[in-house]
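Fold and contact review
Given next are the chains, with one letter for each unit.
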Amino acid sequence: NRLKLSFLERLNFAKNPVTRRLLQVMCDKKTTLCVAADVTSTTDLLNLAEQTGPHICLFKTHIDIVEDFHPNFLKHLKEIAERHNFIIFEDRKFADIGNTVQLQYSKSMYQISSWANLVTAHSVMGKGILEGIQQSEGLKDRGVFLLAEASCAGSLTDQSYVDATLKLAKQYPDLITGIVCQNPLLLEEPGVIQLTPGVHLESVGDRLAQQYNSPETVVLEKGADVAVVGRAITKSADPAAEAVKYKEVLWAAYEKRIAS
Ligand code: 6AU
């Protein structure tokens, strides 16, 4: 059972190179925190990366919300990522035919495949998306988090969608880093990471259907390996201190899980 194994033990099961690197970073830095950098300027993005960098394993961007994007900015982000040893993760949520996804992934001014080792994709269009990503130009080491379930109220995904998503993920062990979901899902494979968003210590949701659970709940009850925390950190007066707080609570919950 993946939930009882340590991340170090699970490293040997991972078939994707970015997954192995991620597990190694998690162990080295003792953090399962992914910060959701939902900010709209390059200055805010870089400041957030600098402040939270020492405490995170993943830095999750939505590059298409950045108002002053310029390719030069990526050099700075990559430099910070190397210095603080975290992985850059573009939450693009690809959801088109393979050919279009390939263009969205490697072309446009963003050229995501040249700087993000990890991306998200919807399973709704089937294998074409994964083939498109696999066969694109760009970084050699790449991984995909496939979305099975959403954190928000009213999502249309049901159990058959979740099951079909897991089945699809199993067909691409070399590409899939993990699954985005809200439940342990009987995701047995120790080499696959459960990524769970919707995490907040002080709020239960926002006005646009987002729903939150505490860090302990997502790790101990919902099976999260890596937890995504956005506004709880980005909107706080001291993002670095807040990142430390989430990192510590999440890591304690993980240690409790593998010890019990
Ligand atoms: O903590 P928040 O609510 O400020 O931000 C949550 C982040 C956002 C969403 O785009 C993302 O997590 N997210 C995802 C992901 C990671 O794919 C899936 C989901 O079901 N819910 C969700 O909020 O950047």
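As the structure is a prediction and not an experimental result, all values here were calculated from the model.

Here's the deal with the overall build of the chain
Helices and strands together make up the secondary structure of the chain, namely 10 helices and eight strands. Expressed as a percentage of the 260 residues in the chain, the buried residues total 53%. Look at the contacts in the chain between residues 6 or more apart in sequence, and 72% of them connect residues 24 or more apart. A total of about 11600 Å² of accessible surface is found on the chain, and carbon and sulfur atoms cover 52% of it.

Side note on the UniProt feature "active site" (unreviewed entry) in the chain
UniProt feature "active site" (unreviewed entry): in the numbering of this structure it lies at Asp91, Lys93 and Asp96. Topologically, Asp91 is positioned in strand β3 (residues 87-94). Classification of Asp91 by relative accessible area gives buried; the value is 7%. The contacts of Asp91, once residues within four sequence positions are left out, are Lys60, Thr61, His62 and Thr120.

Some details on the pattern of salt bridges
Overall, the coordinates contain 11 salt bridges when judged by the stated rule. For the salt bridge of Asp225 with Arg10, the shortest nitrogen-to-oxygen distance reads 2.9 Å. Of this pair, Asp225 sits in the loop between α8 (215-220) and β8 (226-229) while Arg10 sits in helix α1 (residues 7-11), and the two are 215 residues apart along the sequence. Assigned by exposure class, Asp225 and Arg10 land together as buried.

What to know about the site of the ligand
The local shell around the ligand holds 15 residues, among which Lys60, Ser151, Gln210, Tyr212 and Arg231 are the closest. Within the contact set of the ligand, an oxygen atom lies 2.6 Å away from a side-chain nitrogen or oxygen of Tyr212. The contact in question runs from an oxygen atom of the ligand to an N or O atom on the backbone of Gly230, over 2.9 Å. In isolation the ligand has 510 Å² of accessible area, and contact with the protein removes 91% of it. Across the shell around the ligand, the residue classes tally to five nonpolar, four polar and six charged.

Considering the sheet that holds strand β6 (residues 176-180)
Pairing within the closed barrel is parallel, and its eight strands lie in the order β1-β2-β3-β4-β5-β6-β7-β8. Across the sheet, the mean angle from the axis of one strand to that of its neighbour is 30 degrees, orientation sign disregarded. By the bridge criterion, five bridges tie strand β4 (residues 118-122) to strand β5 (residues 143-147) in an arrangement that is parallel. From the neighbouring strand, His122 faces β5, where its bridge partner is Leu147. Across the sheet, helix α2 (residues 17-29) is in contact with β2 (58-61), β3, β4, β5, β6, β7 (193-196) and β8; its angle to β6 comes to roughly 70 degrees. Helix-sheet contacts for helix α7 (residues 159-170) involve β5 and β6, and the interaxial angle to β5 is about 165 degrees.

So, the UniProt feature "binding site: substrate" (unreviewed entry) in the chain
UniProt records the feature "binding site: substrate" (unreviewed entry) at Asp38, Lys60, Ser151, Gln210, Gly230 and Arg231, using the numbering of this structure. Within the fold, Asp38 resides in the loop between β1 (33-37) and α3 (42-52). Once residues within four sequence positions are removed from consideration, Asp38 is found in contact with Lys60, His62 and Ile65. Along the chain, the position of Arg231 falls in helix α9 (residues 231-234). The exposure class assigned to Arg231 is partly exposed, which follows from its relative accessible area of 37%. With residues up to four places along the chain from it excluded, the contact list for Arg231 reads Asp206, Gln210, Tyr212 and Ser236. Looking at Arg231, its side chain comes within polar contact range of the side chain of Asp206, at 2.9 Å.

Some thoughts on helix α10 (residues 239-259)
Given a rise of 1.5 Å per residue, 21 residues ought to cover 30 Å, and the 30 Å separating the end C-alpha atoms of α10 matches this to within 8%. Along α10, the positions that sit buried rather than exposed are Pro239, Glu242, Ala243, Tyr246, Lys247, Leu250, Trp251, Ala253, Tyr254 and Arg257. Buried residues in α10, looked at end-on, bunch into an arc of 160 degrees, giving them a common side. Exposed and oriented more than 90 degrees from the buried face of α10 are Glu248, Lys256 and Ala259.

About the criteria used
- Residues numbered from 1 in each chain as written.
- Predicted model: local features only at pLDDT ≥ 70, side-chain atom pairs only at ≥ 80, totals over all residues.
- Heavy atoms only, no water.
- Helix = DSSP H or I, 4+ residues; strand = E, 2+ residues; numbered from the N terminus.
- Buried < 20%, exposed > 50% of the residue type's maximum accessible area, 1.4 Å probe, protein only.
- Contact = heavy atoms within 4.5 Å.
- Areas by Shrake-Rupley, 256 points an atom, 1.4 Å probe, with all protein chains shown as cover.
- UniProt positions renumbered as here; feature names shortened; annotations may be inferred.
- Salt bridge = Lys/Arg side-chain N within 4 Å of Asp/Glu carboxyl O.
- Near = heavy atom within 4 Å.
- Polar contact = N/O pair within 3.5 Å; in protein donor to acceptor, adjacent residues only side chain to side chain.
- Nonpolar A, V, L, I, M, F, W, Y, C, P; charged D, E, K, R; others polar.
- Pairing = 2+ DSSP bridges.
- Axes fitted to C-alpha atoms, helices over the stretch in contact; angles between N-to-C directions.
- Expected span 1.5 Å × (residues − 1).
- Arc of directions from axis to C-beta.

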